[in-house]
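Next come the chains, spelled out residue by residue.
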Amino acid sequence: MQPDILLFLSDQHAAGYTGYEGGLPDTPNLDRLTEEGTYFSAHYTACPMCVPARMSFLSGRLASRVGVTSNAHTLSECTPTFLFPLVEAGYETVLIGRMHFLGKDLRHGFTKRVGEDITQSCWSIPRSDLLKERGELFPTFSSGGSLSVVGGGESPVIYYDRTIVKQALDYLSRPHDKPQFIVVGTFGPHSPYVADPALYEKYKRRGVMPRYFGETTDEIDENPWIKAHQKEVSREQAANACAAYCALTEQTDSYVGQVRSAFASYAKKAGHRAIFGYTSDHGDTCGERGIYGKQTFFENSVRVPLVFAGDGIPEGKRVEIPTSIMDLGPTICQWAGTSYTGQFVDGQSFACLLTDTQDDDLAKRPVLSEYLDSIGGGDGGWEKPAGSVTKKREPLKLSYGIMVRMDCWKFIRYHHCKDVLFNLKDDPEERCNVIWQYPEIARQLGQIAHRAGDPEEIEQEHLDRLQMVRWLRAYEASAGFEDRERWKDNPPTARGRLTTR
């Protein structure tokens, strides 16, 4: 019998911010999930940025290979996703909540959608609408403005996630004819760093702080792309943001518990086998070394939680072999009795890692993550109102970055910058570049990075897509655009008014 499969996909949850890893927030439901299932301790996003990561998840390919190197891009309608073989195998593929699709094709293999997304579904960013709906919290959704409002209170994220979870519970309370593959997508614990006041105060009292506050390393100081992500913040600002992030993470954990319970009841009533999983699209460095949000290859930016439990999933097992978000589709398809493989798929099923079978290919396989960093060139479409005063824009500069994780090694390369090599077994805090001590390892991993893609070609293709996005926005301005699947119900009380700071 084909199992029902539900994957809870949050946004911006770093693997280190979990109770089962000894992190700062309380996550009792995820802790229980790891006890009753299998936990992957070295699971990585394919890109530390929302849309590229999510499109890599669906397609099973590196984002640069499917033309998605920023949040202003999306999959081509003809790009395969792992949802299509699931549909062919008889599954209802259901999206409840967030996936960050853009354009006219808002499904990419999902046969049913429940609820809306919190981000726009069109190419033209509805700035005036978002300003009205989000108020002072408008800039806090990006890494750059994430610290402008921090504290305890109401926010769009709190209301959106509550709505999506309620819709998920409602969907699971009703019978459905086909075997189900369901993605429940929330926006938390993504910024804004505004959380339930009681939870926020709980972590304020604990005095939580990001690791390495006020510290930096030579690897950051020598790399202008990473250096540009650092912020100078006071100890109080850092503590408040960390408390809010922990509170948002605990809130997400409670939603995981609610959805898992409802899914178990649904499968039991239906008499079906069931598999429940939890992961996130990328992490959040949350103030470590002065960096907030994602967009780097530090562990809390690229390493995300992954836990599965249910029929056929071993209890209390920990998998330390590195895996990728691109592996999820092939794995889920194998569990469903079909496959998602071929030259168009970079990911690989890790189902064998849940058994006692040793797979040397997976153990020795490199796991890749990439990010196209930029400085200058405007605001990515978040234009200021006509007539407003703006600073002169700097010319756009790009640097393609890639991370190779294999065994205990993490290799990082930015175009035109010095390479970095960390030994995560001896140096899990990523403080010491050992590239000179291990030149052969660096050479081997550097070759893998080189084969993954040509930086100059990827950067040029990104520039070409920037022009295409401009054309798409001009087209929408002429033909009219539909922002039909964006959630717009944020109440006036959740626009920046805080209960506590």
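The rules we used
- Residues numbered from 1 in each chain as written.
- Predicted model: local features only at pLDDT ≥ 70, side-chain atom pairs only at ≥ 80, totals over all residues.
- Heavy atoms only, no water.
- Pairing = 2+ DSSP bridges.
- Helix = DSSP H or I, 4+ residues; strand = E, 2+ residues; numbered from the N terminus.
- Axes fitted to C-alpha atoms, helices over the stretch in contact; angles between N-to-C directions.
- Contact = heavy atoms within 4.5 Å.
- Polar contact = N/O pair within 3.5 Å; in protein donor to acceptor, adjacent residues only side chain to side chain.
- Parallel < 35°, antiparallel > 145°, perpendicular 65-115°, else oblique.
- Salt bridge = Lys/Arg side-chain N within 4 Å of Asp/Glu carboxyl O.
- Buried < 20%, exposed > 50% of the residue type's maximum accessible area, 1.4 Å probe, protein only.
- 1 Å grid on protein atoms, 1.4 Å probe; cavity = no way out; pocket = protein on both sides within 12 Å on 5 of 7 lines; lining within 4 Å.
- Points joined across faces, edges and corners; volume = space filled by probe spheres on them.
- Nonpolar A, V, L, I, M, F, W, Y, C, P; charged D, E, K, R; others polar.

Hey, could you run me through the sheet that holds strand β1 (residues 4-11) in this one?
Backbone-to-backbone hydrogen bonds pair the strands of a sheet. The strands run either parallel or antiparallel. Across the sheet, which stays open at both edges, the 8 strands sit in the order β5-β4-β7-β1-β9-β10-β2-β11 with mixed pairing between neighbours. A single partner strand is all that each edge strand has here, and the edge strands are β5 (112-114) and β11 (317-319). Sheet twist, expressed as the mean angle between neighbouring strand axes with direction ignored, is 15 degrees. Pairing between strand β2 (residues 38-40) and strand β10 (residues 306-310): 2 bridges, direction antiparallel. In the strand pairing of β10, T38 is matched with F308. Contacts from helix α9 (residues 235-270) reach β1, β7 (180-189), β9 (274-280) and β10 within the one sheet, and its direction differs from that of β1 by about 170 degrees.

Would you mind showing me how to read the side chain of T38 here?
If you trace the backbone, T38 turns up in strand β2. There is a polar contact of 2.9 Å between the side chain of T38 and the backbone oxygen of P314. The residues touching T38, leaving out its near neighbours within four places in the chain, are L306, V307, F308, I313, P314, K317, V319 and L354.

Explanation requested: the packing of helix α1 (residues 28-36) against α9 in the structure shown.
If you want to describe how two helices pack, look at the angle between their axes and the distance between the axes. Two elements in contact, α1 and α9, have axes separated by 7 Å at closest approach and are oriented at 55 degrees. It follows that α1 is oblique to α9 by the angle criterion. For the pair α1 and α9, contact is made by P28, N29, L30, R32, L33 and E36 and by D253, S254, V256, G257 and R260, respectively.

Looking at this model, I keep getting lost on the pattern of salt bridges. Mind explaining?
A pair can form between side chains of opposite charge whenever their charged atoms are brought close. The tally for this structure, following the rule as stated, stands at 30 salt bridges. Put simply, R260 and E36 hold a salt bridge, and the shortest N to O gap is 2.7 Å. Residue R260 is found in helix α9, and its partner E36 is found in helix α1; the two are separated by 224 residues along the sequence. Judged by its relative accessible area of 34%, E36 falls in the partly exposed class. Note that R113 is salt-bridged to D117, the shortest N-O span being 3.8 Å. For the pair R113 and D117, one class covers both residues: buried. Shared partners join several salt bridges into a network, and the residues in it are D11, R54, R98, R107, R113, D117, D281 and E485.

Mind showing me how you'd approach empty space enclosed by the protein here?
Over the atoms, a rolling probe the size of a water molecule traces out where space has been left empty. According to the stated counting rule, one finds 5 cavities of 30 Å³ or more in the structure shown. A volume near 80 Å³ is recorded for the largest cavity. Mapped onto the lining of the largest cavity, the elements with two or more residues apiece are α7 (218-221), β15 (409-414) and β16 (420-423). Residues of the lining of the largest cavity, tallied by class, amount to 8 nonpolar, 1 polar and 1 charged.

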